[in-house]
Amino acid sequence: MTAAYETAGAEPVISPIERLWNRQLHRYPNNLTRYTSLGIVVLITIVLYYEQYVAGGVATEILRDLHMSFVYYVNITVVASVAGAIASAIAGLADRYGRANIVTAGTLITGLLVLIAVPQAHSEIALAVIFVAIGFVEGIILVATPALIRDFSPQLGRASAMGFWTLGPVIGSLVVSAVVTPTFTDARAAKPFGWHYEYVICGIVGLVVWFIAFVGLRELSPALRDQLMVSEKDKLLIEARAQGFTDEELAAGIRNPFKQMMHIDVIASAFAIAVFLIIYYIAVGFFPIFFQTVFGYTASQANGIGNWFWAFDAGGLIVIGYLSDKARVRKPFMVFGALGAIAFTTLFSLHVTDKGVLAKYAKAAGGSNYYAPSHVFVIVTLVLLSVSLAFAFAPWMASFTETVEKHNPALTATGLAVWGFIIRIVIAIVVVILPHIVTSVTPVIEKGGVITASLADKTPVQTPDGATTVGGVLSAVAANSALVGQIQTEGAKYKSELTTAAAIDPQTLATLSSDPTNASALSTALGEISQKLGVSQSDALNDLIALSKVPKSVTTLFGTTAPKALGAANFAALTAVGTPQGNAKLATSLDYLAKNAPTVQAEQAKEPGQWMNYFWIAIGGEIVFLPLIFLMAGFWDPRAAKKAEEEHHAMVAAEMAKLEKAGA
């Protein structure tokens, strides 16, 4: 047998160097050692989810920088989830070979990939390969870490411990929001990094946490962890039993591990939480995209919304885990959380889309057909949703490990591997259908991103009426689209006449407009036309006669209305487009705006409704979760749970008395 199955007993004497890989504890540890290892596991989990979720915080910039379609980005996530599912199944080996070394080595690998490999990814395929590799390694670690939490937490403190473990994905998400919010604006200018800069920060954090785990992480020996521990009062009995275990007995307990976990309560419970958390997957991977493309938030603003969501989720997990342990029940908390999640996901869905009830009120009142809810409404709704998720998830994690223990406590990692496999397959399915439901994201990000960048373009444009910029002209055009359309229509119709008008000094043109027979103004105008357009006096006269026949509304439009509305320099730059004097970059940008702005506007109009359809899938998952709670281990009534606890303590006392008598 392997060293992982050494019989429990006195702690072997090993050197500090050997302790770096020989991490087993052969006696149940004191609180300092136990809490230190629990803290390290929680820290590892936080950084792993930080590494996994940082892509969501900078997703729009990844898509734009690598010219990646939203579908391609989603497919990377799907493949990474499938790789993680396969790895989760492999992670069941942690029951045979231990957890701590697997977790420590995996943390080092992901830290190096994030710090070194991702910043070197400058193509779609390179980023995809790295993301899949990270997903595979994390799939293993994120099964082994809750197994370690279970090992160090008796059942009566399990929900609190799992509440801290589930801080991993929540605080990981919060860290993404907290780091990206203040740093991302500066990161975009930090060449050659751009969005890669966020991964540099993340990778450094990952390696620091790996070093802490390398030095300090411990685990229980198999003889200790393979037993059921209800409370810390069981410590002496568990250690006494462990003294008598042989390698053969320990090995027998883990034969055919997955076959032993093929029970409806294990499989259905894992599926239940997987579909219940669909809204969580959306929040992690796509809320920044949702808020940027639907509400027009910046990346920092979108991640700032996440700060509220994850902060309250984190606090809720700790408080609710503690309350669940105090009440000695899990299921009532899960039911309450599920009902709250259904209510607040529905409320959020109805009020953030163009099919929402507030949108109908706005339309009936003469407003637009899309109502963007207030910032406060969004935050409050998401805070209530996050607390509801916490009400269900921390007790569920405790109840699930207890359900696995009911079948075989020696196969906790295998049971968690079943959960890890199922949840990642569900994630893959949920994510792969996203671009088929929300089809507007790609054109809004790709074409809308180019338009947004053009509107901010500071390239100077010099005109006879002053200086402006490419972005200044485009912004003026975008803000006066109806007027610009009129300019283009009338400009094409009276192109020759307006060319004549442009050759005449505005003051002279104004004099002729009020007094067409003014001899001095006529003479000046003929000279200007002849000189600037290179025509004879006779042709200049014909041009001036043709100009006099242009409707006054058109000359007013080009002479007064448009220059005032757009700005004289912007108007001059716009009307010069297509001429030798025009700015070539401005011409290209105007052409792109004209061709793509209608598409972007049309897709933006459809996008809120598409997201609502996707949110309904999440609500369906929350509904499915409710009846499957009944299959899990645990009590509904705190009084029945307390009675069972008292009976267990009586059994432990009786068995300890027998052992003491036998040893006398």
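Residues numbered from 1 in each chain as written. Predicted model: local features only at pLDDT ≥ 70, side-chain atom pairs only at ≥ 80, totals over all residues. Heavy atoms only, no water.

Trainee: Tell me about the overall build of the chain, and name the residues and values.
Mentor: Summing up its helical and strand segments, the chain has 32 helices and 4 strands in all. Out of the 664 residues in the chain, the part that is buried amounts to 53%. Contacts in the chain between residues far apart in sequence, at least 24 positions, make up 81% of those at least 6 positions apart. A total accessible area of about 27,800 Å² is found for the chain, and carbon and sulfur atoms account for 65% of it. (Helix = DSSP H or I, 4+ residues; strand = E, 2+ residues; numbered from the N terminus. Buried < 20%, exposed > 50% of the residue type's maximum accessible area, 1.4 Å probe, protein only. Contact = heavy atoms within 4.5 Å. Areas by Shrake-Rupley, 256 points an atom, 1.4 Å probe, with all protein chains shown as cover.)

Trainee: Break down the pairing of strand E4 (residues 466-469) for me, with residues and values.
Mentor: As judged from the 4 bridges shared by strand E3 (residues 460-463) and E4, these two strands associate in the antiparallel manner. Bridge pairing links Thr 463 to Gly 466 in E4. In sequence, E3 turns back onto E4 through a hairpin of 2 residues. (Pairing = 2+ DSSP bridges.)

Trainee: I'd love a proper account of the packing of aromatic side chains, names of residues and values included.
Mentor: Taken as a whole, this structure holds 28 aromatic pairs when the rule is applied. With 5.3 Å between their ring centres and 45° between their planes, Tyr 49 and Tyr 53 make a pair best called tilted. Placement of both Tyr 49 and Tyr 53 in helix H1 (residues 31-57) is noted, with a separation of 4 residues, approximately one turn of the helix. Across this residue pair, the class does not change: Tyr 49 and Tyr 53 are buried. Seen from their ring centres, Phe 287 and Phe 348 are 5.8 Å apart, and the 45° between their planes marks the pair as tilted. Remark: Phe 348 occurs in helix H17 (residues 331-351) and Phe 287 occurs in helix H15 (residues 278-294); sequence separation between them is 61 residues. Judged on exposure class, the residue Phe 287 and its partner Phe 348 are both buried. (Phe/Tyr/Trp six-rings, centres within 6.5 Å; stacked < 30°, edge-to-face > 60°.)

Trainee: Can you explain helix H7 (residues 158-165)? Please cite residues and give values.
Mentor: In an α-helix, one full turn covers 3.6 residues, which means residues spaced three or four apart are oriented alike. For H7, the buried fraction is high: 7 of the 8 residues fall into the buried class. Listing the buried residues of H7 in full gives Arg 158, Ala 159, Ser 160, Ala 161, Met 162, Gly 163 and Trp 165.

Trainee: Give me the lowdown on helix H24 (residues 481-493), citing residues and values where you can.
Mentor: Over its 13 residues, H24 runs 18 Å from end to end, which matches the ideal 18 Å to within 8%, given 1.5 Å per residue. Taken as a whole, H24 has its buried residues at Leu 483, Val 484, Ile 487 and Gly 491. Axial view of H24: buried residues confined to an arc of 100°, hence all on one face. Exposed side of H24, more than 90 degrees from the buried face: Ser 481, Ala 482, Thr 489, Ala 492 and Lys 493 are the residues found there. (Expected span 1.5 Å × (residues − 1). Arc of directions from axis to C-beta.)

Trainee: Run through the nonpolar core, naming residues and quoting values.
Mentor: Nonpolar side chains tend toward joint burial in soluble globular proteins. Counting 145 residues, the largest nonpolar core has Phe 291, Trp 396, Trp 419, Trp 611 and Phe 625 as the members making the most contacts within it. Sorting elements by how many residues they give to this core places helix H19 (residues 375-407) first, with 15 residues. Not counting residues up to four positions away in its chain, the partners in contact with Phe 291 are Gly 296, Tyr 297, Ala 302, Ile 305, Phe 348, Val 378 and Leu 382. In terms of nonpolar packing, the next biggest core, distinct from the first, is built from 36 residues, Val 470, Val 473, Ala 525 and Ala 540 among them. (Core = buried A, V, L, I, M, F, W, Y, C linked by side-chain atoms within 4.5 Å.)

Trainee: Would you mind going over unusual backbone geometry in detail, with residue names and values included?
Mentor: With a phi close to 50°, His 67 is a non-glycine residue in the positive phi region. Phi is positive for Arg 328, which is not a glycine, with a value near 65°. One can find Arg 328 in the loop between helix H16 (299-327) and H17.

Trainee: Summarise a nonpolar patch on the surface; cite the residues concerned and give the values.
Mentor: On the surface, a cluster of nonpolar side chains totalling about 440 Å² of accessible area is made up of Phe 164, Ile 318, Val 319, Tyr 322 and Leu 323. Tallying contributions element by element places H16 first for the nonpolar patch, with 4 residues. A residue is classified by how much of its surface remains accessible, and Tyr 322, at 48% relative accessible area, is partly exposed. (Patch = residues over 30% accessible without salt bridge, like charges linked within 9 Å, V, L, I, M, F, W, Y side chains within 5 Å. Salt bridge = Lys/Arg side-chain N within 4 Å of Asp/Glu carboxyl O.)

Trainee: Which residues make up the confidence of the model for the chain, and what values do they have?
Mentor: Overall, the predicted model of the chain reaches an average pLDDT of 79, with 84% of residues at or above 70. Mean pLDDT per element in the chain: helix H18 (residues 357-364) is the minimum at 39, and helix H14 (residues 264-276) is the maximum at 94. pLDDT under 50 marks residues 354-371. Its contacts with residues more than four places away, or in other chains, come to 29 contacts. (pLDDT = per-residue confidence, 0-100.)

Trainee: Give a detailed account of the environment of Leu 174, specifying residues and quantitative values.
Mentor: Positionally, Leu 174 belongs in helix H8 (residues 167-188). Residues Leu 174 and Ala 311, spaced 137 residues apart in sequence, show a C-alpha to C-alpha distance of 6.5 Å. Not counting the four nearest positions on each side in its chain, Leu 174 is found in contact with Asn 307, Trp 310 and Ala 311.

Trainee: Provide a residue-level description of the packing of H14 against H19, including the pertinent values.
Mentor: Between H14 and H19, whose axes approach to 10 Å, the crossing angle comes to 165°. Comparing their axes, H19 and H14 come out roughly antiparallel. When the axes of H14 and H19 are compared, the crossing they make is left-handed. Along the contact surface, H14 presents Asp 265, Val 266, Ser 269, Ala 270, Ile 273 and Phe 276, while H19 presents Leu 389, Ala 392, Phe 393, Trp 396, Phe 400, Thr 403, Lys 406 and His 407. Residues belonging to the contact of H14 with H19 are distributed by class as follows: 9 nonpolar, 3 polar and 2 charged. (Axes fitted to C-alpha atoms, helices over the stretch in contact; angles between N-to-C directions. Parallel < 35°, antiparallel > 145°, perpendicular 65-115°, else oblique. Left-handed = near helix turned anticlockwise from the far one by under 90°. Nonpolar A, V, L, I, M, F, W, Y, C, P; charged D, E, K, R; others polar.)

Trainee: I'd like a description of the side chain of Arg 330, backed by residues and values.
Mentor: Tracing the chain through its elements places Arg 330 in the loop between H16 and H17. Overall, the relative accessible area of 5% leaves Arg 330 in the buried class. In terms of polar contacts, Arg 330 uses its side chain to reach the side chain of Ser 324, at 3.1 Å. (Polar contact = N/O pair within 3.5 Å; in protein donor to acceptor, adjacent residues only side chain to side chain.)

Trainee: Account for the pattern of salt bridges, with residues named and values stated.
Mentor: Applying the stated rule across the entire model yields 4 salt bridges. Here Glu 402 makes a salt bridge to Arg 330, at a shortest N to O gap of 2.8 Å. Within this pair, whereas Glu 402 is found in helix H19, its partner Arg 330 is found in the loop between H16 and H17, the two being separated by 72 residues in sequence.

Trainee: Before we move on, can you summarise the packing of H1 against helix H9 (residues 196-216) with the specific residues and values?
Mentor: In the contact formed by H1 and H9, the axes pass within 10 Å of each other and the chain directions differ by 160°. On the basis of the axis angle, H1 is roughly antiparallel to H9. Between H1 and H9 the crossing geometry is left-handed. Touching Ser 37, Ile 40, Leu 43, Ile 44, Val 47, Tyr 50, Glu 51, Val 54 and Ala 55 of H1 are Glu 198, Tyr 199, Ile 201, Cys 202, Val 205, Gly 206, Val 209, Ile 212, Ala 213 and Gly 216, all from H9.

Trainee: Help me get a handle on the side chain of Ser 88, residues and values and all.
Mentor: One can find Ser 88 in helix H3 (residues 70-90). Taking relative accessible area as the criterion, Ser 88 reaches 0% and is therefore assigned buried. Those residues in contact with Ser 88 that lie beyond four places of it in its chain are Gly 139, Val 143, Ala 417, Gly 420, Phe 421 and Arg 424.

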